[in-house]
Amino acid sequence: MNIGEIARRAGVSRSTVSYVLSGKRSVSEGTRQRIQSVIDELNYRPNASARALKEGRTRTLGLVIPPASQRLTDMQLGFVASVVEAAARHDLDVLLSPSGGDHDRSFERIVTGRRVDGVILMEIRLADDRVTRLTNAGLPFVTIGRTAEPHGMSWIDIDYAGLIARCVQHLADLGHRQVALVNRSAELVAAGYGPSHRALDGFRTAALERGLTGVEVCSGDDTASGEACMEQLLATHPEVTAVATINEAALPGMQRALTGAGLSVPRDFSVTGVAAQHWAEDFRPPLTAADVPMVEMGAEAVALLLEIIGAPDAVPRHRLYSPPISLRSSTGPVRAH
């Protein structure tokens with residue numbers, strides 16, 4: 001059923017039906033009631049475009065994700081799923097748009113094309129041109145992550161610095177004196193990727209406070225890279241007895257390398273870090289880790305964005321998540337040699 005059929009049955013023009021649906025122009029009460037009667041009889045529900053016309057909104061949120069050429073990590077996919085599910089509960093659609101590299105035009109269409117009411121931006125760098133562009137355009141937005149100077153913007157983030165510091169403190173309490181940080185890729189670190197730099201800060205601070213020797217290495221976001229990273233770490237720094245990591249996608253490879261080297265976790269080597277719960281529970285033995293609440297964070301990002309859309313002049317808000325370290329089985333006392 002469409003507007004044309006309603007117009008035919010009510011004996012009016014399509015534009016008159018549109019005026020009644022949108023409320024953009026006044027229509028005589030008799031005509032309005034006649035059209036409404038046909039709508040009720042046909043049980044007609046305006047489509048999203050008609051509702052948007054009436055409300056002056058698209059009822060669509062933009063979610064800006066990493067380039068499509070890169071395989072999304074499980075945590076990134078978790079954020080995407082949680083945002084989509086939270087938006088659906090508000091009867092909203094989500095338009096996914098990659099950014100970076102060859103995808104800048106896609107992001108620009110999001111900003112200028114009036115396709116969305118607001119934007120959720122993922123994978124934030126310490127200095128992020130996309131944040132500047134959205135701010136200058138006046139388009140409501142929320143970031144998952146934050147820049148080096150996040151004042152004046154609304155964001156949610158994970159306290160990577162604090163969580164990695166707590167992981168290092170935990171390892172120190174177990175007697176480990178030589179520890180390593182397995183970070184995300186060297187390319188992300190060089191690009192100023194926020195979580196990588198904050199994890200480094202937390203690692204260095206905690207190692208210094210506890211008088212530990214700290215080794216910093218990078219790994220790509222996949223099993224093969226995690227295995228190669230751990231193999232090289234064990235070869236070049238055999239004194240290291242424990243690692244903390246924010247690279248959950250590298251965990252299976254790290255585990256494979258430790259097994260290949262004949263090291264038992266946690267008897268010979270301890271592993272901890274920040275990861276989604278199912279990654280932690282799939283590690284063998286289960287990983288002592290801060291579990292990232294992806295579903296809760298995605299829902300909060302949507303709720304915060306809707307607040308901004310409804311009240312653009314409201315004071316920016318933010319939330320820094322710092323989940324507890326779940327003590328599982330992958331960390332233990334340093335083994336005496």
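Each chain carries its own residue numbering, running from 1 in the direction its sequence is written. Local features are withheld for residues below a pLDDT of 70 in this predicted model, meaning they are given only at 70 or higher, and side-chain atom pairs are given and counted only at 80 or more; totals for whole chains, interfaces and linings count all residues. With hydrogens and water excluded, all non-hydrogen atoms of the structure serve as input to the side-chain values.

The name an unreviewed UniProt entry gives the protein chain is LacI family transcriptional regulator, with Micromonospora inaquosa as the organism.

Moving on to the sheet that holds strand E11 (residues 318–321). We treat two strands as partners when DSSP finds at least two bridges between them. Strands here mean DSSP runs of E at least two residues long; helices mean DSSP runs of H or I at least four residues long; both are numbered from the N terminus. Taking strand neighbours across the sheet as the criterion, the six strands line up as E2-E1-E3-E4-E5-E11 in an open arrangement whose pairing is parallel. Single-partner strands in this sheet number two, and they are strand E2 (93–98) and E11. This sheet shows a mean twist of 15° between the axes of neighbouring strands, independent of strand direction. Pairing between strand E3 (residues 118–121) and strand E4 (residues 141–144): three bridges, direction parallel. Looking across to E4, one finds that isoleucine 120 is bridged to valine 142. The sheet strands contacting helix H6 (residues 104–112) are strand E1 (60–65), E2 and E3, and the helix crosses E2 at an angle near 145°. Lines fitted to C-alpha atoms define the axes, with helix axes restricted to the stretch in contact, and inter-axis angles between N-to-C directions lie between 0 and 180 degrees. In this analysis, two residues are considered to be in contact whenever any of their non-hydrogen atoms come within 4.5 Å of each other.

Attention now moves to the state of the cysteines. Two cysteine sulfurs form a disulfide in these notes if their separation is within 2.5 Å. For the coordinates displayed, the defined rule picks out zero disulfides. You can see cysteine 167 has no disulfide; the closest cysteine sulfur is in cysteine 229, sitting 16 Å from it. Cysteine cysteine 218 is unpaired, with the sulfur of cysteine 229 as its nearest cysteine sulfur at 7.8 Å.

Let's shift gears to the packing of aromatic side chains. Centre distance within 6.5 Å is the pairing criterion for rings of Phe, Tyr and Trp, where only the six-membered ring of Trp is used; planes under 30 degrees apart are then read as stacked, over 60 as edge-to-face, and the remainder as tilted. For the structure shown, the criterion picks out zero aromatic pairs. Placement of a positive charge over a ring is assigned whenever Lys NZ or Arg CZ falls within 6 Å of the ring centre and within 35 degrees of the normal to the ring plane. Over the face of the ring belonging to tryptophan 155 we find arginine 146, whose NZ or CZ atom lies 5.0 Å from the ring centre. The aromatic ring of tyrosine 321 is capped on one face by arginine 319, whose charged end is 4.2 Å from the ring centroid.

One broad rule of soluble globular proteins: the nonpolar side chains tend to lie buried together. Among buried residues, those of type Ala, Val, Leu, Ile, Met, Phe, Trp, Tyr and Cys that are joined through side-chain atoms within 4.5 Å constitute a nonpolar core. For each residue, the accessible area found with a 1.4 Å probe, counting protein chains only, is set against the maximum for its type, and the residue is called buried under 20%, exposed over 50%, and partly exposed in between. Within the largest apolar cluster, 74 residues are counted, with the highest numbers of intra-cluster contacts made by Phe79, Ile164, Met230, Val243 and Val271. The contact partners of phenylalanine 79, leaving out residues within four places of it in the chain, are Met122, Ile144, Ile158, Val292, Met294 and Met297. Counting 14 residues, the second largest nonpolar core, distinct from the first, contains Ile124, Leu134, Phe141 and Met153.

All right, on to the sheet that holds strand E7 (residues 213–218) then. Read from one edge of the open sheet, six strands run E7-E6-E8-E9-E10-E12, paired in mixed fashion. The strands lining the two open edges of the sheet, one partner per strand, are E7 and strand E12 (325–326). Pairing between strand E9 (residues 270–275) and strand E10 (residues 288–291): four bridges, direction parallel. Following the sheet pairing, valine 274 is matched in E10 by alanine 290. This element, helix H8 (residues 160–173), spans strand E6 (178–183), strand E8 (242–245), E9, E10 and E12 of the sheet and lies at about 165° to E9. Across the sheet, helix H11 (residues 223–236) lies against E6, E7 and E8, angled at about 145° from E7, the strand it touches most.

This part is about the domain arrangement of the protein chain. Each domain's extent is set by a domain assignment, obtained either automatically or from a database. Structurally, the protein chain comprises domain 1 (3–55), domain 2 (60–158 + 294–321) and domain 3 (160–292). Put simply, the middle of domain 1 and the middle of domain 3, counted by C-alpha atoms, are 61 Å apart.

For side chains bearing opposite charge, pairing can occur when the charged atoms are close. Basic side-chain nitrogens of Lys or Arg form a salt bridge, by our definition, when they fall within 4 Å of a carboxyl oxygen of Asp or Glu. Using the criterion set out here, one finds 18 salt bridges in the structure. One salt bridge connects aspartate 173 with arginine 210, and the closest N-O pair in it is separated by 2.9 Å. Pair noted here: aspartate 173 is in helix H8 and arginine 210 is in helix H10 (residues 194–210), with a separation of 37 residues, a long-range link. Looking at aspartate 173, the relative accessible area reads 59%, which means it is exposed. For arginine 210, a relative accessible area of 28% gives the class partly exposed. Note that arginine 204 and glutamate 216 form a salt bridge whose closest N and O atoms lie 2.7 Å from each other. Placement of the pair is arginine 204 in helix H10 and glutamate 216 in strand E7, with a sequence separation of twelve residues.

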